Amino acid sequence: MWFKAPESCNCIEPQWPADELLVKYQYISDFFIALAYFSIPLELIYFVKKSAVFPYRWVLVQFGAFIVLCGATHLINLWTFTIHTRTVAIVMTAAKVLTAVVSCITALMLVHIIPDLLSVKTRELFLKNKAAELDREMGLIRTQEETGRHVRMLTHEIRSTLDRHTILKTTLIELGRTLALEECALWMPTRTGLELQLAYTLRQQNPVGYTVPIHLPVINQVFSSNRAVKISPNCPVARLRPHTGKYMPGEVVAVRVPLLNLSNFQIYDWPEVSTRSYALMVLMLPSDSARQWHVHELELVEVVADQVAVALSHAAILEESMRARNMLMEQNVALDLARREAETAIHARNDFLAVMNHEMRTPMHAIIALSSLLQETELTAEQRLMVETILKSSNLLATLINDVLDLSRLEDGSLQLETTTFSLHSVFREVLSLIKPVASVKKLSLTLHLASDLPAYAVGDDKRLMQTILNVVGNAVKFSKEGSISISAIVAKPESFKDARIPEFHPVSSDNHFYLRVQVKDSGSGIHPQDIPKLFTKFAQSQAVTTKGPAGSGLGLAICRRFVNLMEGHIWIESEGIGKGCTVTFFVKLGIPDRSNESKLAFAPKVMGNHVTTNFGGLKVLVMDDNGVNRSVTKGLLLHLGCDVTAAGSSEECLRIISPEHRVVFMDVCTGLDGYELAIRIQEKFKKRQDRPLIVALTGNTNKVTKENCMRVGMDGLILKPVSVDKMRGVLSELLEHRVLFEAI
Amino acid sequence: MDVLQLQRKLREHQAAMIREGFLDDQFSQLQKLQDESSPDFVIEVVKMFFDDSENLLNNMTRALGQVPVDFKQVDAHVHQYKGSSASVGAARVKNVCATFRNFCEAQNLEGCVRCLQQLQHEYSLLKNNLQYLFRLQEEIQAAGGSIPTIE
């Protein structure tokens, strides 16, 4: 307190000594203020030193100074309550001035500093928020990663099995576990496709067959999108269990699971095919929890649904292929069995045929042979007629048996053509000679026309070719009551193949082969054009044949066609109708023999010509005849045939000159017993049958006694005189082949 | 005469002989045996036949002249003759021989004698015809032609 100074002393006295209590309180307060003011900077310094970061040190210094001075001021104030000296007053003043200065500076400084300090605060707040956000995001990522892990594990579980049930069950279990679901259910479409049936659930072991119609709006909604859709817990698919919770049932989500429709496997269209069928997967969160479906959980569900679809399709494909494979295996086994059965059947059939072949032919042979022999005995006219009928019938039967056996061999392809080189002309002539008798009896004229460019020899199966021609010509004769039959054979030119009637026949000629075209025209009863296709069928009889006419066995043409086909040819019949005759034409492929084969054919008998044929190549023969003329004639005959002939005029001479080189001895037995005795003597001379020449009797006697005698003495043959060249040739061939020849007397 | 005419004559003669039964198919068989290696085969055989015939006929005459007649002998000769004539294709001769043999078997002397006469007659006819034939053939060959064969 300032008072006016008295003039006497330097002391300053307070004015009022009366307010001593107030002064006392002031005194204490100042003391404490000073104390506080001195301790605050100390505290500040202490804590600043402790903290690492403090950007405003100089502010602190300033502030410290300010406070210290304030404290000093208040301290010095203590002394002013009582009488105090002038120095104290000066110090006080100085302190106060200093304090005032510093505080003003500080006040000015604070204007700068406080906004800064405030902004620090806001930034701190901002950073705290950010940290919280990052924390949240981290949490989310971790959750997602975990979800991903769950999905991978689930997928792995699902895909590790190809069994449908396991897949679906595992899915539900894993989902239930991952998402902590209360219930998880799978509804599959029924066979009719009109309803969904509860197939699997998580908690219930054996779901009872709940069904739900497929066209509910909620289901359509789920099926129309490939996302997981939240549905109401009250809809039929979600009401699986009686509602147990007190409060709200948990949220329900449903997602579609595409099913592969096996009947329309379209790999490239998948999954956009419109006729898809879906299953429905329903997932329920626990009731009475406040959980909600999070986005990441929904995504997990969608992914799982897709994976399940893929796994199911794999399982379905596998099932299908297994089924197909099993079916194929079964079929294989069945086929194998069938094949073996067929083979057994064929073997059995062949064995049967082989046996029956022999068994059937033997009696037939006996019948035919004995009937022929019977024919030659003394018979009454009536008996002869009977025997002839027997013979004819048995011949027919024998033919039929042969035909049947042939055909069955032809059918199963076991018949093979034999290939030999043969003379075409002789085949036709033989056919002609066989048919001529029948034709002349029926007064049919038979003409044969062989083209001039027809090769003399051909390579092929002559027997079967002849059989074919014979059959065709035989048919022509059989079915013609009058008129003429013409046979023509030409070499087929390529133009003749372009016949409209045989459009499918396109043969190719080559250097080694030619096609023989044979046409048989008859003026007989003809065939109705409708019946023509049936002709070649086995056993089919033509109805056009009158009941009186001869009946065919029905097999002939079928066999012909088979033979013709085997010879890579074609056969067909044309007829203009009933009564207009018919024409049978066929092509067969024959080989052309090369030059080297022709020399082998030198032995083929030539009908024409007077020139010497060296058939018998120096065959050594002996002729015994006591009649000079006869002897010369026989010798000349044998010489003409190329034999090396020795002639003997008597038995003694014969025995003298006979040697093992002589292959045949012709002896005349007209002159009594000489010949027979000679035969016996010759046989005695040559012990072994092989060394001995063949002994053949020549006789003009046509009685059986001679024949019996010859046979009795062991002769090998008997020929009737006169002998023509051809006859002798035939005789020699026959003798050399069969070593026996007894001409029928 | 020229070759063609000769050949025609030959053909006609041969045809006539066959027609009238002097020769049969056996003769043409003989002709077939004639070729380059034995060009005169037919002539040789026929010559042999003529010799043989004369022999046999003489034998037969002698045998029938004997008393008593040995029919078996006669038959043997006739049999021989029959054989020869058959070999050359002398048909009429052969037929007479057959009849002759029957008479021999029946021991009919008169019949045999008659047959013998017939035989001689036939033989001479045949001989003349054949000789004419051969002459024609020689003429044709001399003229450079070929002998036509009987078909």
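What counts as what
Residues numbered from 1 in each chain as written. Chains lettered and ligands numbered in written order. Predicted model: local features only at pLDDT ≥ 70, side-chain atom pairs only at ≥ 80, totals over all residues. Heavy atoms only, no water. Helix = DSSP H or I, 4+ residues; strand = E, 2+ residues; numbered from the N terminus. Buried < 20%, exposed > 50% of the residue type's maximum accessible area, 1.4 Å probe, protein only. Contact = heavy atoms within 4.5 Å. Pairing = 2+ DSSP bridges. Axes fitted to C-alpha atoms, helices over the stretch in contact; angles between N-to-C directions. pLDDT = per-residue confidence, 0-100. Buried area = accessible area lost by both parts, 1.4 Å probe. Salt bridge = Lys/Arg side-chain N within 4 Å of Asp/Glu carboxyl O. Polar contact = N/O pair within 3.5 Å; in protein donor to acceptor, adjacent residues only side chain to side chain. Nonpolar A, V, L, I, M, F, W, Y, C, P; charged D, E, K, R; others polar. UniProt positions renumbered as here; feature names shortened; annotations may be inferred. Expected span 1.5 Å × (residues − 1).

Side note on the overall build of chain B
- Of the regular secondary structure elements, chain B holds six helices and zero strands.
- Of all 151 residues assigned to chain B, the portion counted as buried reaches 45%.
- Contacts spanning at least 24 positions in sequence make up 69% of the contacts within chain B whose residues lie at least 6 apart.

Quick look at the sheet that holds strand β14 (residues 620-624) of chain A
Residues and elements named next belong to chain A.
- An order of β15-β14-β16-β17-β18-β19 is seen for the six strands of this open sheet, with the pairing classed as parallel. In the strand order of this sheet, the two ends are held by β15 (644-648) and β19 (741-742), each with one partner.
- Across the sheet, helix α14 (residues 628-640) lies against β14, β15, β16 (664-668) and β17 (694-699), angled at about 170° from β15, the strand it touches most.
- Taken strand by strand, helix α16 (residues 674-685) contacts β14, β16 and β17, and its axis lies near 155° from that of β16.

Thoughts on the confidence of the model for chain B
Residue and element names in this part refer to chain B.
- Residues with a pLDDT of 70 or more make up 97% of chain B, whose mean pLDDT is 87.
- Per-residue pLDDT, averaged within each element of chain B, yields its smallest value for helix α2 (residues 25-32) (85) and its largest for helix α6 (residues 109-142) (90).
- Per the prediction output, this complex has pTM 0.35; the corresponding ipTM is 0.81.

Focus on the interface of chain B and chain A
- With 19 residues of chain B at the contact, the number on the chain A side is 18 residues.
- Buried surface at the junction of chain B and chain A, summed over both partners, amounts to about 1600 Å²; 57% is from carbon and sulfur atoms.
- Our count for the chain B to chain A interface comes out at zero salt bridges.
- On the surface where chain B and chain A come into contact, there are three residue pairs in polar contact (both at pLDDT 80 or more).
- Put simply, the parts of the chain that give the side of chain B that touches chain A at least two residues each are α2, α3 (41-65) and α4 (71-88) of chain B.
- Per-class residue counts for the side of chain B that touches chain A are seven nonpolar, nine polar and three charged.

So, the UniProt feature "modified residue: 4-aspartylphosphate" (unreviewed entry) in chain A
- This chain's UniProt record puts "modified residue: 4-aspartylphosphate" (unreviewed entry) on D668 of chain A.
- By the element assignment, D668 of chain A lies in strand β16.

With respect to helix α4 (residues 164-179) of chain A
Residues and elements named next belong to chain A.
- In a regular helix each residue adds 1.5 Å, so 16 residues correspond to 22 Å; α4 covers 23 Å between its end C-alpha atoms and thus fits that length.
- Within the sequence span of α4, burial applies to I167, L168, T170, T171, L172, E174, L175, G176 and L179.
- Of the surrounding secondary structure, the elements contacted by the buried residues of α4 are α3 (86-159), β1 (183-189), β2 (195-201), β6 (277-284) and α6 (295-375).
- The positive-phi residue at the C-terminal boundary of α4 is A180, with phi of around 50°.

Side note on the sheet that holds β2 of chain A
Residues and elements named next belong to chain A.
- Strand order in the open sheet formed by six strands is β3-β2-β1-β6-β5-β4, and the pairing between neighbours is antiparallel. A strand with exactly one partner marks an edge of an open sheet, and here the two such strands are β3 (211-213) and β4 (229-231). Averaged over neighbouring strand pairs, the angle between their axes works out to 35° when direction is ignored.
- Looking at chain direction, β2 and β3 are connected through three bridges and run antiparallel. Considered in β3, the bridge of Q197 is made with T211.
- Each of β1, β2 and β6 is contacted by α4, which is oriented at about 70° to β2, the strand it contacts most.
- Against the sheet, α6 makes contact with β5 (252-259) and β6, and its axis sits at roughly 25° relative to β5, the strand it touches most.

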